[in-house]
Amino acid sequence: RSTAAASDASQNVVELKERRHARREELRILRRQETEQKELLGNIEHRLHSARDILRLKKEGIGRIELVECPTCHRSIDPATFQLTAQSTTSVEAHIAALERDRKLVASNVRASDDQIIRLSADLVDIEGQVRDAERALTAVNQAIGVERQQLTKATTDLIAVENEIDKVSNIGQELRDLQ
């Protein structure tokens, strides 16, 4: 039983470090996804701008030229060479509406990712504080001489950790009351 307190303190440090590693990995993945979502949002906005330009040109009666010639040799070129397709005003408007829906959805996903990154970052800060406390407790338990002192040291560090959590909850409660 002489190493039980040291073993418990060591196990606590290991578990907290594993949680910290998992949070860091989640944050890394989430940040990469957010970057990709922002890039997608930019692409959708560019496509939306282009589709609005096409709609404006269609409404003004400016469309595809049926007779195309080379600007240098003035030879006729078949428009099918460019693989262009005819689009009605209605189909362009439907495409714009779909892009608007996509833009709103992706923007909502970006905001949700921002919120989740903030939450995970705060959780990571909390876990890092717990790791520091647990490492101090482990050091104190390992330096204590005798079974009774080790157990007393572990109980003391556990009590300090609980008091720190109570202070943290109290501070959060006060912040919430101040916000109301």
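Anything mentioned here points back to the structure above.
All residue numbers refer to positions counted from 1 along the written sequence of the respective chain. Under the rules for a predicted model, residues below a pLDDT of 70 receive no local features and side-chain atom pairs below 80 are neither given nor counted, while totals for whole chains, interfaces and linings still include all residues. Excluding hydrogens and water, the side-chain values take into account all heavy atoms of the structure.

1. Some remarks on the overall build of the protein
Quick note on the threshold: Going along the chain from the N terminus, every DSSP run of H or I of four or more residues is numbered as a helix, and every run of E of two or more is numbered as a strand. Note on method: radius of gyration uses C-alpha positions; expected globular size equals 2.2 Å times residues raised to 0.38. For each residue, the accessible area found with a 1.4 Å probe, counting protein chains only, is set against the maximum for its type, and the residue is called buried under 20%, exposed over 50%, and partly exposed in between. Note on areas: these come from Shrake-Rupley sampling with a 1.4 Å probe, and a residue is covered only by the protein chains present in the view. The positive count covers Lys and Arg only, the negative count covers Asp and Glu only, and His and the chain ends enter neither. Charged side chains are reduced to one point each, which is NZ for Lys, CZ for Arg, CG for Asp and CD for Glu.
Helix and strand content of the protein: three helices and two strands. In the protein, the order of α-helices and β-strands from amino to carboxyl end is α-β-β-α-α. In terms of overall dimensions, the protein is more spread out than a globule: its C-alpha atoms have a radius of gyration of 31 Å, far above the 16 Å expected for 180 residues. A principal-axis box enclosing the C-alpha atoms of the protein has dimensions of 100 × 45 × 25 Å. Each of the 180 residues in the protein was classed as buried or not, and the buried ones make up 24%. Surface exposure of the protein reaches about 13,100 Å², of which carbon and sulfur atoms provide 54%. Between the centroid of the 28 positive side chains of the protein and the centroid of its 31 negative side chains there is a distance of 2 Å.

2. What about the packing of helix α2 (residues 89–143) against helix α3 (residues 147–179)?
Angle between the axes and distance between the axes: these two values describe a pair of packed helices. As a reminder of what qualifies: Orientation is described by lines fitted to C-alpha atoms, with helices fitted over the stretch in contact, and by angles between N-to-C directions that extend from 0 to 180 degrees. Any angle from 65 to 115 degrees is called roughly perpendicular, while one under 35 is roughly parallel, one over 145 is roughly antiparallel, and all others are oblique. Take the far helix as your reference; a near helix turned counterclockwise from it by less than a right angle gives a left-handed crossing, and one turned clockwise gives a right-handed crossing. Here, residues are in contact when the closest pair of their heavy atoms is within 4.5 Å. In the scheme used here, Gly and all other residues not listed as nonpolar or charged are polar, with Ala, Val, Leu, Ile, Met, Phe, Trp, Tyr, Cys and Pro taken as nonpolar and Asp, Glu, Lys and Arg as charged.
Across the interface, α2 lies against α3 with an axial gap of 9 Å and an inter-helix angle of 160°. Relative to α3, the element α2 is oriented roughly antiparallel. Our pair here, α2 against α3, has a crossing hand that is right-handed. Contacts between α2 and α3 pair Asp126, Gln130, Asp133, Ala137, Ala140 and Val141 from the former with Gln150, Thr153, Lys154, Thr157, Asn164, Glu165 and Lys168 from the latter. In the contact of α2 with α3, the residues fall into three nonpolar, five polar and five charged.

3. Remarks on the packing of helix α1 (residues 4–59) against α2
Look at α1 against α2: their axes get within 6 Å of each other, and the N-to-C directions meet at 165°. The pairing of α1 with α2 is recorded here as roughly antiparallel in orientation. Seen along the crossing, α1 lies across α2 with a hand that is left-handed. Looking at side-chain class alone, the contact of α1 with α2 contains 28 nonpolar, 11 polar and 22 charged residues.

4. With respect to the layout of surface pockets
For the record, the criterion: Think of a 1 Å grid over the protein atoms and nothing else: a 1.4 Å probe that fits but is trapped marks a cavity, an open set flanked by protein within 12 Å on at least five of seven lines marks a pocket, and residues with an atom within 4 Å of a point count as lining. Grid points are joined across faces, edges and corners, and a volume is the space filled by probe spheres set on the points.
In this model, the largest pocket occupies a volume close to 410 Å³. As for the largest pocket, its lining consists of 22 residues, of which Gln130, Asp133, Ala134, Thr157 and Ala161 are closest to the centre. Sorting the residues of the lining of the largest pocket by element identifies α1, α2 and α3 as the ones contributing at least two each. A per-element tally of the lining of the largest pocket places α2 first, with nine residues.

5. Brief notes about α1
Stated formally: Any helix carries an expected span of 1.5 Å times its number of residues minus one.
With 56 residues, α1 extends 81 Å between its outermost C-alpha atoms, agreeing within 8% with the 82 Å of an ideal straight helix rising 1.5 Å per residue. In the segment just after α1, Gly61 is the residue with positive phi, at about 85°.

6. Side note on the pattern of salt bridges
Where charged atoms from two side chains of opposite charge approach closely, those side chains can pair. Just so we agree on the cut-off: Here a salt bridge means any side-chain nitrogen of Lys or Arg lying within 4 Å of a carboxyl oxygen belonging to Asp or Glu.
In the structure shown here, the tally under the stated rule is 14 salt bridges. The salt bridge partner of Arg136 is Asp133, with a shortest N-O separation of 2.4 Å. Taken as a pair, Arg136 and Asp133 lie in helix α2 at a separation of three residues, close to a single helical turn. What makes Arg136 exposed here is its relative accessible area of 53%. Overall, the relative accessible area of 28% leaves Asp133 in the partly exposed class.

7. Here's the deal with α3
Under the 1.5 Å per step criterion, the end-to-end length of α3 is 48 Å for 33 residues, consistent within 8% with the ideal 48 Å. When we look at burial in α3, the residues that qualify are Gln150, Thr153, Lys154, Thr157 and Gly173.

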